[in-house]
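A look at the structure
Chain by chain, the residues run as shown.
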Amino acid sequence: MRSSDRRGIPLRAVVPNAVTALALCSGLTGIRFAIAGQWGLAVGAIMLAAVLDGMDGRIARMLNGASRFGAELDSLSDNVAFGVSPAIIMHLWVLRDWPRFGWMFALAYAVCMALRLARFNARIDAEDQPHKSAGFLTGVPAPAGAALMLLPIFLWLASGRHWTWLHDWRLVAPWSAVVAFLAISSLATFSWTSFRLRRNVRLEAIVVIALVGGALFTAPWETLSVVTLLYALTIPVSVLSYARVKRQRAAGAWRRPERSGRPPAP
């Protein structure tokens, strides 16, 4: 037996995977709360899974514990927590009121999220990724897709359950279809990790983040509703921003041959 086998697996390789497993458990727990009709706890479990999902990758890089196994586990966790669980929650909440067809919309969302994650895994080692190289994502990421899917419940809970017009399959079914399309689309969306703040607004940014964090504890549904709506509004802005980047790249590629003395390609 090799000495490396006798020493076992370092703890730094286990911690990120444990956080990913917690995110998976949190997503599944959301289904359990939905079955019991505890809608606030159900969507809260999905949001907790989103927080854990944002932590596991950073913990892995910080501890130098990234691995292929961890990447596969993370993808599986995302599929369950942000694909299957929100679909079942929305079906139990209102889509089951549309016999037969309501389940098809929930199923479409779950399948589209699985396809998105499969596409991401297939392209993870690809060199030609124009969206990624420009600081954008392709389609809506899984946690954001789950938040968009659950937006009607956020608004319903924020209203004190008085906005009964939200609890209607005629609204939720087409909304689910729109979110499913955004998940598998080729639209360029902002990647928050690519943002760089100016040094002179660093303190202001910290204050805003602290206020949003405090609002999540004092008025969680109102805060989640506003944050999700603001994200939805950034989608057309990100599409226009990437179109501008694409035009700039095309213009640069056209000028380079001219500067080198060679005629531009037809």
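These notes cover the structure that comes with them.

Thresholds, definitions, all that
Residues numbered from 1 in each chain as written. Predicted model: local features only at pLDDT ≥ 70, side-chain atom pairs only at ≥ 80, totals over all residues. Heavy atoms only, no water. Salt bridge = Lys/Arg side-chain N within 4 Å of Asp/Glu carboxyl O. Helix = DSSP H or I, 4+ residues; strand = E, 2+ residues; numbered from the N terminus. Axes fitted to C-alpha atoms, helices over the stretch in contact; angles between N-to-C directions. Parallel < 35°, antiparallel > 145°, perpendicular 65-115°, else oblique. Contact = heavy atoms within 4.5 Å. Nonpolar A, V, L, I, M, F, W, Y, C, P; charged D, E, K, R; others polar. Buried < 20%, exposed > 50% of the residue type's maximum accessible area, 1.4 Å probe, protein only. Phe/Tyr/Trp six-rings, centres within 6.5 Å; stacked < 30°, edge-to-face > 60°. Lys NZ or Arg CZ within 6 Å of the ring centre and 35° of its normal.

With that settled, consider the pattern of salt bridges. Applying the stated criterion across every chain yields a total of 2 salt bridges. Where Arg 68 meets Glu 72, a salt bridge forms, and the shortest distance between an N and an O atom there is 3.3 Å. Within this pair, Arg 68 and its partner Glu 72 are both found in helix 4 (residues 68-93), separated by 4 residues, close to a single helical turn. Here Arg 170 and Asp 168 are joined by a salt bridge, their closest N and O atoms 3.0 Å apart.

Here we take up the packing of helix 7 (residues 142-149) against helix 9 (residues 169-184). Packing of helix 7 against helix 9 leaves a shortest axis separation of 9 Å and a crossing angle of 170°. The orientation of helix 7 relative to helix 9 falls into the category roughly antiparallel. Where helix 7 approaches helix 9, its residues Gly 145, Leu 148 and Met 149 are matched on the opposing element by Trp 175, Ser 176, Val 179 and Leu 182. Across the contact of helix 7 with helix 9, the residue classes break down as 5 nonpolar, 2 polar and no charged.

This part is about the side chain of Thr 228. Within the secondary structure, Thr 228 is located in helix 11 (residues 220-259). Exposure remark for Thr 228: the relative accessible area of 6% places this residue in the buried category. In this view, Thr 228 contacts Ala 147, Leu 148, Leu 151 and Phe 154; residues no more than four positions away in its chain are not counted.

Turning next to unusual backbone geometry. Backbone geometry follows two general trends: most residues other than glycine have a negative phi, and most peptide bonds adopt the trans configuration. In this model, Arg 100 sits at a positive phi of 70°, which is unusual for a non-glycine residue. Mapped onto the secondary structure, Arg 100 falls in the loop between helix 4 and helix 5 (101-123).

Attention shifts here to the packing of aromatic side chains. By the definition in use, this model includes 7 aromatic pairs. Ring geometry for Trp 98 against Phe 101: centres 5.6 Å apart, planes inclined by 40°, an arrangement best described as tilted. You can call Trp 98 partly exposed: its relative accessible area is 23%. Plain terms: the ring middles of Phe 136 and Tyr 242 are 5.5 Å apart, the flat faces sit at 70° to each other, and that makes the pair edge-to-face. One end of the pair, Phe 136, is in strand 1 (residues 136-138); the other, Tyr 242, is in helix 11, with 106 residues separating them in the sequence. Overall, Tyr 242 belongs to the buried group, its relative accessible area being 11%. Within the aromatic cluster, the residues linked to one another by ring pairs are Trp 98, Phe 101, Phe 105 and Trp 169. The ring of Trp 169 has Arg 170 sitting right over it, with the charged end atom 6.0 Å from the ring centre.

Don't take any of this as a statement about function, it's just geometry.
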